[in-house]
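# Observations on chain architecture
Below are the chains, spelled out letter by letter.
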Amino acid sequence: MKQQRALKKPTRWGAQEERFGWLFIAPMMLYVAIVFFIPLLFMVFLTVFRWSPIDGSSPFVGLMMIKQALTDRLWWLSLANSAKFMALSVPATVILSLLSAVAFASRSRLPLKGLFKTLYFLPLVTSLAVTAFIWLWIFNPDYGFFNSLLRALHLPTLLWLADTEQVIPSLVIVFVWARLGFEMAIFLSGIESIPHEFYEAAKIDGAGSIQSFFRITLPLLNPQIVLVGVLEVIAGLKVFELPYVATAGGPVNASRVAVMHIYESAFRYLEFSKASVAALILFLLIVLVTLIQMRLTQRRFEY
Amino acid sequence: MVRQISRRDFLRIGLVGSAAAALMPTLAGCGGGAQKSSGPIKLQYWNTARDTKIQDEAIKPRVDKWAAEHNTQVEFVAVPYADFEAKYLSAFASRDNAPDLFIGVVSFWAGAANVADPMPDALAKRLETEVVDAVKPGYKMNGKWMGLSDAGIPGFGPMLIYNPDDFAEAGLDPKKPPATMDELLEYSRKLVKRDASGNVIRSGCAMRYDGALGLGIATKFFPFLHSFGGQMFDPATGKSQGIANSAETIEAVEYVTKYTQGEKLASITLGVPEVQFGQRKASMMFREGHMAGWIPTNYPGVNFVFAPVPKARKVGMGLTGLSEWAPLVYKFGPNKAAAWELLDKVVYTAEGELIAAQHPVNQGVCCFKANWETPYMQGRKDYAVEQYALANGQGTVYMHAKTGKLADRFAQGVQESMLGKKKAKEAMDAAAADMETILKS
């Protein structure tokens, strides 16, 4: 009996310990609730209530705002622009950052390697809104650096940000430049964690550097590739400050992206319900694309 | 040796931590709350930082003098211009941190946002008699006065501004500006300069082809639109179908498209018209009279002359445009009476307007009748053209709660045609349909 009681005691203490544990994580849960869940619920609330931030009124409007948001041509155009931006930026960033990382990893005796790594990383720590102004000068069709270069090479000049077809690819150039360093750092740490013995064994078996890259580096970098891919898809779909500062969505809304539409609906036109519907669609789209992407690209490799 | 924590201590730490977390937002809220105290009335006056210099040097000294005599303190706050709407909105949503007075576009803040207090009757009555008729619609919402500019207006609608030196160089008479839209086209053909590849390096007449907001494109298109007899929408009936895509509107859109696409008489890469003009990359442009001060300040040495908007079908235009900017009073503010008193006695006066209008970076056109015969107004380069515009009576003023959104959509249609993305009719039919939806929503 005594022994039974002795066994029960720690169990009761265990249950209490669990309750105390909840108390300890309560502050963080409260923070998450205030910062994430309540705004998310409020956003869902706003899709069926027409809320005014000025007087706080919120009459129930049913599906009216959802219908209005879904039939808004400008919203679908903005979403298509975001998708186009993402479709161009993701492969470009993943491939270029991977190649840069491989180049850095293979040149172990590269002079000033640390400096080069810093230079690659520098755009990430600089405000994109600020660098956008520098790029505006570089892209200027009349006196910009790129067209001056094209003229010097006797090549036809481009309109860059001033043309509806060229504006998104031009913005993608800036975006890739800005993100390259961060993604390269992820790949570089992945490459450096691959045991060197694998490459030595492959070399003994007669594998060249290209074969080693495709048979060893690439498969073992799968977790990093998935991570970078997911991060880039999210960043591409929710891009805002770069087109907002560089083009304000122009010309003729050709670079108006989904987040810009959400922002303008809410803060320029005071249409918070329409903005909430659009934000919800974007959120679900990001979740869906990320899940599909992870399902398609995640592989388990063990050597 | 690790010291084991007792159950009591464990519980105590957990409870204190949770309570602190729960209280944190409440405590934070207490810190930001307004402190009510007896003493002088405190008014907060918000301005977009764009006009800070005018406010600091021409308005603030008079306001401070009045405040000292009336047991009032006025704090001026310069809100950065970029996205100022969002910044204002956050303040109005919180109520406690909202300004008593703020500068904004009348149609938006009195219409869509509905935060502006209508003007007291006595002040409205005074302004009704003291102010030039043509400016009145730009400051009224549903027939009620909401405010008046604190430093004059940019001008009585757009006017033609040309460089007489370029005229002489092209063999045109500098004293004979184009009087019709056909002549404007002819002059532009003579004035345009292109490089070896055919790119425009000097616009015959600069066109506004791009910009952060559609509003800018729409207002710069008005001289053509209204001269051809077109309209953006009908503010009286709230209709856009058959108006934003009327034959006259489409003709005006086709006319400007000739400059940017057809004959390539205007650049679509050199920047906004005033910058092109200042940099000697445009010989003609359409802007308001405040360019009389802006051009010499930013591009000294550039020669320029004002002329009336050339006619297409309509004879002259009168004042036209979107809603005006004005200091407005927050309608839920605790000190509304003091705020209106300040505007009545110091800001909305002929004397105050004249001082602020003359500020070198402003060079505004006066709205008070009493100021029209002053040496300042008579000495302005645009004086004769402003009088010509006034003599033509009232033009269309697009005063509507959704003016901004409607102008954005209308401008998109104009821009699609100007940049060769759509035919004028196709672009304006789509714009008219979308604008109709906006007007009904």
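Everything below is about the structure shown above.
The structure contained in this document is the topic of the report that follows. (Residues numbered from 1 in each chain as written. Chains lettered and ligands numbered in written order. Predicted model: local features only at pLDDT ≥ 70, side-chain atom pairs only at ≥ 80, totals over all residues. Heavy atoms only, no water.)

### Comments concerning the pattern of salt bridges
All names here are of chain B. Considering all chains together, one arrives at 31 salt bridges over all chains under this definition. We note a salt bridge from Lys53 to Glu57, for which the minimum N-O separation is 3.5 Å. Within this pair, Lys53 and its partner Glu57 are both found in helix 2 (residues 52-69), separated by 4 residues, close to a single helical turn. A relative accessible area of 47% means that Lys53 is categorised as partly exposed. A salt bridge links Glu128 to Lys140, with the nearest nitrogen and oxygen atoms 3.1 Å apart. (Salt bridge = Lys/Arg side-chain N within 4 Å of Asp/Glu carboxyl O. Helix = DSSP H or I, 4+ residues; strand = E, 2+ residues; numbered from the N terminus. Buried < 20%, exposed > 50% of the residue type's maximum accessible area, 1.4 Å probe, protein only.)

### Details of the sheet that holds strand 10 (residues 305-307) of chain B
Residue and element names in this part refer to chain B. If you trace the 3 strands from one edge of the open sheet to the other, you get 9-6-10, paired in antiparallel fashion. The sheet is open, and its two edges are formed by strand 9 (284-287) and strand 10, each paired on a single side. Across the sheet, the mean angle from the axis of one strand to that of its neighbour is 30°, orientation sign disregarded. In terms of strand pairing, strand 6 (residues 159-162) meets strand 10 through 3 bridges, oriented antiparallel. Directly across from Ile161, in strand 10, lies its bridge partner Phe306. Sheet contacts for helix 7 (residues 181-191): strand 6 and strand 9; angle to strand 9, the most-contacted strand, approximately 130°. (Pairing = 2+ DSSP bridges. Axes fitted to C-alpha atoms, helices over the stretch in contact; angles between N-to-C directions. Contact = heavy atoms within 4.5 Å.)

### So, the packing of aromatic side chains
Residues and elements named next belong to chain B. Evaluation of the coordinates by the stated rule reveals 49 aromatic pairs over all chains. Between Tyr330 and Phe332, the aromatic rings sit 5.8 Å apart at their centres with planes inclined by 75°, giving edge-to-face as the arrangement. Assessed through its relative accessible area of 2%, Tyr330 is described here as buried. One aromatic cluster is present, formed by Trp46, Tyr81, Phe84, Tyr88, Phe92, Phe102, Phe108, Trp109, Trp325, Tyr330 and Phe332 through successive ring pairs. Here Lys381 stacks its cationic end above the ring of Phe304, 3.6 Å away from the centre of that ring. (Phe/Tyr/Trp six-rings, centres within 6.5 Å; stacked < 30°, edge-to-face > 60°. Lys NZ or Arg CZ within 6 Å of the ring centre and 35° of its normal.)

### Concerning the interface of chain A and chain B
At the junction of the two partners, chain A supplies 38 residues and chain B supplies 42 residues. In this assembly, chain A packs against chain B so that about 3,400 Å² is buried in total across both faces, 62% of it on carbon and sulfur atoms. Ranking the residues of chain A by area buried against chain B places Ile54(A), Val252(A) and Arg268(A) at the top, with a combined share of 21%. The interface formed by chain A and chain B holds 3 salt bridges in total. Residue Arg268(A) is joined to Asp408(B) by a salt bridge in which the shortest nitrogen-to-oxygen separation is 3.0 Å. Elements with a contribution of two residues or more to the side of chain A that touches chain B: helix 1 (2-46), helix 3 (73-106), helix 12 (258-267) and helix 13 (272-297) of chain A. The leading source of residues in the side of chain A that touches chain B is helix 1 of chain A, at 11 residues. Per-class residue counts for the side of chain A that touches chain B are 24 nonpolar, 5 polar and 9 charged. (Buried area = accessible area lost by both parts, 1.4 Å probe. Nonpolar A, V, L, I, M, F, W, Y, C, P; charged D, E, K, R; others polar.)

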